[in-house]
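If you want the building blocks of each chain, they are given just below.
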Amino acid sequence: MTATRRRFLFELAAVTAALPAVTALVEATDAFEEHVRATDPMSLSDAYSLAKGVGYLNHASIGTIPTAVQEAHQKYLSTCESNPWLHMWGGVWDPLREEVRGLAARRLHCTTDEIAITRNTTEGFNLLAQGLPLGTGDEVVFSSLNHVGASACWSAQAKRRGFTVRSWDFPVDRVPTLDEDAVVALHTRQITERTRVLCLPEIDNLVGLRLPIARIAKAARSKGVRWIAVDGAQALGMVPVDVTAQGIDFYAASPHKWIQCPKGLGLFYARSAAQKALAPMIMTWGQDRWKGSARTFEDYGTRDLPALLALGDALRFQTRLDDSRAKTYASLRGHCREHVADHPKLTWCSAGDPRLAASLHAVGIEGTAAPAVADRLFKKHGFVVRPFRTAGLNALRVSPNLVNTRDELTRFFGALAKALA
Ligand SMILES: Cc1ncc(COP(=O)(O)O)c(C=O)c1O
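The rules we used
- Residues numbered from 1 in each chain as written.
- Predicted model: local features only at pLDDT ≥ 70, side-chain atom pairs only at ≥ 80, totals over all residues.
- Heavy atoms only, no water.
- Helix = DSSP H or I, 4+ residues; strand = E, 2+ residues; numbered from the N terminus.
- Buried < 20%, exposed > 50% of the residue type's maximum accessible area, 1.4 Å probe, protein only.
- Pairing = 2+ DSSP bridges.
- Axes fitted to C-alpha atoms, helices over the stretch in contact; angles between N-to-C directions.
- Expected span 1.5 Å × (residues − 1).
- Arc of directions from axis to C-beta.
- Contact = heavy atoms within 4.5 Å.
- Salt bridge = Lys/Arg side-chain N within 4 Å of Asp/Glu carboxyl O.
- Near = heavy atom within 4 Å.
- Polar contact = N/O pair within 3.5 Å; in protein donor to acceptor, adjacent residues only side chain to side chain.
- Nonpolar A, V, L, I, M, F, W, Y, C, P; charged D, E, K, R; others polar.

Trainee: Sorry if this is basic, but what is going on with unusual backbone geometry here?
Mentor: A negative phi angle is the norm for most residues apart from glycine, just as the trans form is the norm for most peptide bonds. Despite not being glycine, His-109 has its phi angle at roughly 65°, a positive value. One can find His-109 in the loop between helix H4 (94-108) and strand S2 (115-118). Backbone geometry at Ala-391 places phi at a positive 50°, although glycine is not the residue there. Along the chain, the position of Ala-391 falls in the loop between strand S12 (386-390) and strand S13 (393-398). Since its relative accessible area comes to 48%, Ala-391 is described here as partly exposed.

The following block contains the structure:
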């Protein structure tokens with residue numbers, strides 16, 4: 001048998017093995033879409049395996065995987081174990097891995113050569129902090145809204161290599177009244193002639209402010225910033241992302257949040273013209289074959305390919321729900337705002353301007369420490385939210401996804417009112 005024929009048979013076997021999973025996924029996604037449009041939204045929960053009695057309002061911390069994607073993942077796992085060498089090293093899964101890259105590239109609006117499949121957002125920013133040519137006289141700038149996963153790596157490298165890191169305090173108390181112009185001005189006034197890297201979250205994890213990235217990037221470029229690096233941990237899967245239109249250089253994301261894929265998978269966009277400046281963080285054999293492609297940045301030896309393939313299923317699942325996403329989030333957000341306005345001890349700490357809003361809301365609480373309230377909400381009522389006592393806030397972060405409903409939010413605010421009584 002020739003090598004080509006052997007390869008063909010391997011690929012055929014792999015694709016055939018994956019087919020039942022793909023078919024089941026399409027059926028389950030169809031059913032889910034119907035649920036989204038249905039008048040009985042409670043049945044949405046059938047598409048997930050959240051425990052009965054759990055009100056999961058913490059999608060910003062970590063996503064819950066649809067059962068159909070879990071099933072696809074399990075299928076890949078057992079297929080892999082039927083012949084681990086063949087699937088991990090024999091190349092039969094190369095086309096499927098590249099299909100996942102294609103889906104990611106379509107989601108982010110870039111080419112497949114600009115996508116690396118990493119482990120998370122933190123890895124993406126570590127790649128940048130370690131791999132960009134920065135030294136004495138250079139400055140990296142970000143605000144206090146930057147997540148530590150996108151900040152700590154810069155400070156560690158700065159000490160060794162002599163560049164400086166400047167973090168400025170974002171006026172979190174002004175978020176409810178800010179408009180786009182004000183947000184752009186806040187960022188651009190921080191840029192100096194030494195600023196080489198501007199680092200910013202598309203949506204932060206505290207108040208969920210959705211930054212007008214394209215406008216900030218344009219202004220930063222005109223002031224001479226060389227690299228613009230965006231943290232998409234919260235944005236990818238929550239809002240449409242177009243890295244090309246945004247005019248940025250790098251984008252790092254954690255699809256295990258809003259894309260709801262298996263935990264420990266990340267996406268990293270590196271604009272092709274910016275890739276030359278970036279050295280890979282991990283060196284291994286044969287990396288030269290990826291020259292001119294962001295695949296260089298994901299090549300760290302043996303990896304979890306079954307989970308990576310399930311990322312493709314998660315991307316397909318989410319893409320099919322895109323039409324209803326913005327409307328559903330706006331409706332859930334409006335509902336939250338009404339409940340907050342109705343309660344004297346609650347304050348809306350997230351954006352007031354809908355263009356700057358996300359599906360991640362900070363609800364300020366008066367009189368009781370937020371962690372104690374969150375603890376009680378979970379233990380007595382099953383609601384999972386994230387408490388924050390930082391940046392002058394004593395708040396609960398409520399981050400609903402498409403699986404959540406207005407009724408569920410009504411019950412949540414009822415439980416919250418009891419906890420504050
Ligand atoms: C805005 C933001 N950036 C980065 C991270 C870090 O994500 P990961 O642990 O997946 O790298 C998070 C996690 O919550 C986040 O919310």
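Trainee: I keep staring at the sheet that holds strand S8 (residues 266-270) and nothing clicks. Help me out?
Mentor: Working definition: the strands of a sheet are paired by backbone hydrogen bonds and lie parallel or antiparallel to each other. Reading across the sheet, the 7 strands line up as S2-S8-S7-S6-S5-S3-S4 and stay open at both edges, with mixed pairing between neighbours. Among the strands making up the open sheet, the edge pair consists of S2 and strand S4 (164-168). For this sheet the average axis-to-axis angle between neighbouring strands, irrespective of direction, equals 15°. Pairing of strand S7 (residues 250-253) with S8, which is carried by 4 bridges, proceeds in the antiparallel orientation. The residue bridging Ala-252 from the neighbouring strand is Phe-268, located in S8.

Trainee: Honestly, H4 in this entry has me stumped. Any pointers?
Mentor: Every α-helical turn comprises 3.6 residues, leaving residues that sit three or four positions apart pointing alike. With 15 residues, H4 should reach 21 Å at 1.5 Å per residue; the first-to-last C-alpha distance of 21 Å fits that figure. His-109 lies just past H4 and shows a positive phi near 65°.

Trainee: What am I meant to see in helix H8 (residues 213-222) here?
Mentor: Every buried residue of H8 is accounted for by Ile-213, Ile-216, Ala-217, Ala-219 and Ala-220. Viewed end-on, H8 has its buried residues packed into an arc of 165°, placing them on one side of the element. Counted as exposed and oriented over 90 degrees from the buried face of H8: Lys-218 and Ser-222. Those residues of H8 hidden inside the fold are in contact with helix H7 (180-188), strand S5 (195-201), strand S6 (227-231) and helix H9 (243-246). After H8 finishes, the residue Gly-224 shows a positive phi value of roughly 95°.

Trainee: What exactly am I supposed to notice about the sheet that holds strand S10 (residues 361-365) here?
Mentor: In spatial order, the strands read S9-S10-S13-S12; together these 4 strands make up an open sheet with antiparallel pairing. At either margin of the open sheet sits one strand with a lone partner, and together these are strand S9 (346-348) and S12. The sheet shows a mean angle of 35° between the axes of neighbouring strands, direction not considered. Bridge count between S9 and S10: 3 bridges; the pairing is antiparallel. If you follow Thr-347 over to S10, its bridge partner there is Gly-364. The strands touched by helix H12 (residues 322-342) are S9 and S10; relative to S9, the strand with the most contacts, the crossing angle is about 140°. Strand contacts of helix H14 (residues 406-420): S9, S10 and S13, with the helix running at about 150° to S13, the strand carrying the most contacts.

Trainee: Where do I start with the side chain of Asp-353 in this structure?
Mentor: Residue position: Asp-353 is located in the loop between S9 and S10. The contact partners of Asp-353, leaving out residues within four places of it in the chain, are Leu-178, Asp-179 and Glu-180.

Trainee: What should I look at first to understand the pattern of salt bridges in this one?
Mentor: Throughout the structure, instances matching the rule amount to 21 salt bridges. The salt bridge involving Arg-119 is made with Glu-123; its shortest N-O contact spans 2.8 Å. Overall, Arg-119 belongs to the partly exposed group, its relative accessible area being 30%. When the shortest N-O distance is used, the salt bridge between Arg-325 and Asp-322 registers 2.8 Å.

Trainee: Hey, could you run me through the site of the ligand in this one?
Mentor: Close to the ligand lie Asn-120, Thr-121, Thr-122, His-147, Asn-205, Asp-231, Ala-233, Gln-234, Ser-254, His-256 and Lys-257, which account for all nearby residues. For the ligand, an oxygen atom lies 3.3 Å from a polar atom in the backbone of Thr-121. Contact between the ligand and Thr-122: an oxygen atom at 2.5 Å from a side-chain N or O atom of the residue. Grouping the amino acids of the shell around the ligand by side-chain chemistry returns 1 nonpolar, 8 polar and 2 charged.

Trainee: Please clarify how the pairing of S12 should be interpreted in this entry.
Mentor: Regular strands place their side chains on alternate faces of the sheet. Both S12 and S13 contribute to a ladder of 5 bridges, which runs antiparallel. Paired with Thr-390 across the strands is Leu-393, a residue of S13. Between S12 and S13, which pair antiparallel in sequence order, lie 2 residues; one of them, Ala-391, sits at a positive phi of approximately 50°.

Purely geometric numbers; function is a separate question.
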